[in-house]
Amino acid sequence: MKLTDISKEELETMNYDDIAYIILNENKKAEKINVLFKSVCDALNLSEAEYEAKIADFFELLTTDKRFIMLEDGSWDLRELHNPEVIIDDEDDEETIIDVEETINEAEEEEETDIFYDADNDDDLPDDDLEDLVVIDVDEEEANN
């Protein structure tokens, strides 16, 4: 489907991310977010003020829509146009397919586990400030008085 094949009335009922999807699919090249949203605004005949007011919402929309991917240079493209990275290990003569999303998720999990206290390592334990603590039973204390 091409953007020029869609009527003005139908375009006005579409979400910004759906229009962006059509634009990226039609152009077959990644775009910076400001250029992509400007194309969306041009298709909808939105003013410059509307462009400025809604670009942050458009960015949030792209980040939550799984059809889009932000590339290393900061441009946006369709996820379906980017295949997982293939690394060939010459030693084992095996191909290893690395899912970029999975690698990112593993890195995030590793960061999360680093913030937790490692109970097996007693070297970092502070001196016990409560070693002289005595527990007094109130009922027993009253009975002795």
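As a convention, each chain's residues are numbered from 1 in the sequence order in which they are written. Where totals are concerned, whole chains, interfaces and linings use all residues; where local detail is concerned, this predicted model gives features only for residues with pLDDT of at least 70, and gives and counts side-chain atom pairs only at 80 or more. Just so you know, side-chain values use all the structure's heavy atoms and leave hydrogens and water out.

Describing the overall build of the protein chain
Logical step 1: Helical segments are the DSSP runs of H or I of at least four residues, strand segments are the runs of E of at least two, and each set is numbered from the N terminus. What the protein chain contains, in helices and strands, is six helices and four strands.
Logical step 2: Residue burial is assigned from relative accessible area. The probe radius is 1.4 Å, only protein chains are included, and a residue is buried under 20% of its type maximum, exposed over 50%, and partly exposed in between. Taken over 145 residues, the protein chain has a buried fraction of 21%.
Logical step 3: Note on contacts: a residue pair qualifies if any of its non-hydrogen atoms lie within 4.5 Å across the two residues. Across the protein chain, contacts joining residues at least 24 apart in sequence account for 41% of those joining residues at least 6 apart.
Logical step 4: Accessible surface, the protein chain: about 11,500 Å² in total, of which carbon and sulfur atoms supply 47%. What sets the accessible areas is the Shrake-Rupley method with a 1.4 Å probe; for residues, cover comes only from the shown protein chains.

Brief notes about the packing of aromatic side chains
Logical step 1: Each aromatic pair joins two rings of Phe, Tyr and Trp (for Trp, the six-membered one) with centres within 6.5 Å, and gets the label stacked for planes under 30 degrees apart, edge-to-face for over 60, and tilted for any other angle. The tally for this structure, following the rule as stated, stands at five aromatic pairs.
Logical step 2: Judged by centre distance (6.5 Å) and plane angle (80°), the rings of Tyr-21 and Phe-68 are edge-to-face. Taken together, the residues span a long stretch of sequence, with Tyr-21 in helix 2 (residues 16–27) and Phe-68 in strand 1 (residues 68–70) at a distance of 47 residues.
Logical step 3: Classification of Phe-68 by relative accessible area gives buried; the value is 1%.
Logical step 4: Between the aromatic rings of Phe-59 and Trp-76, the centroid separation amounts to 6.0 Å while the plane-to-plane angle is 85°, which identifies the pairing as edge-to-face. Of the two residues, Phe-59 sits in helix 4 (residues 48–64) while Trp-76 sits in strand 2 (residues 76–78), which places them 17 residues apart along the sequence.
Logical step 5: For Phe-59, a relative accessible area of 37% corresponds to the partly exposed category.

Some thoughts on the environment of Gly-74
Logical step 1: Among the secondary structure elements, Gly-74 is positioned in the loop between strand 1 and strand 2.
Logical step 2: Overall, Gly-74 belongs to the partly exposed group, its relative accessible area being 24%.

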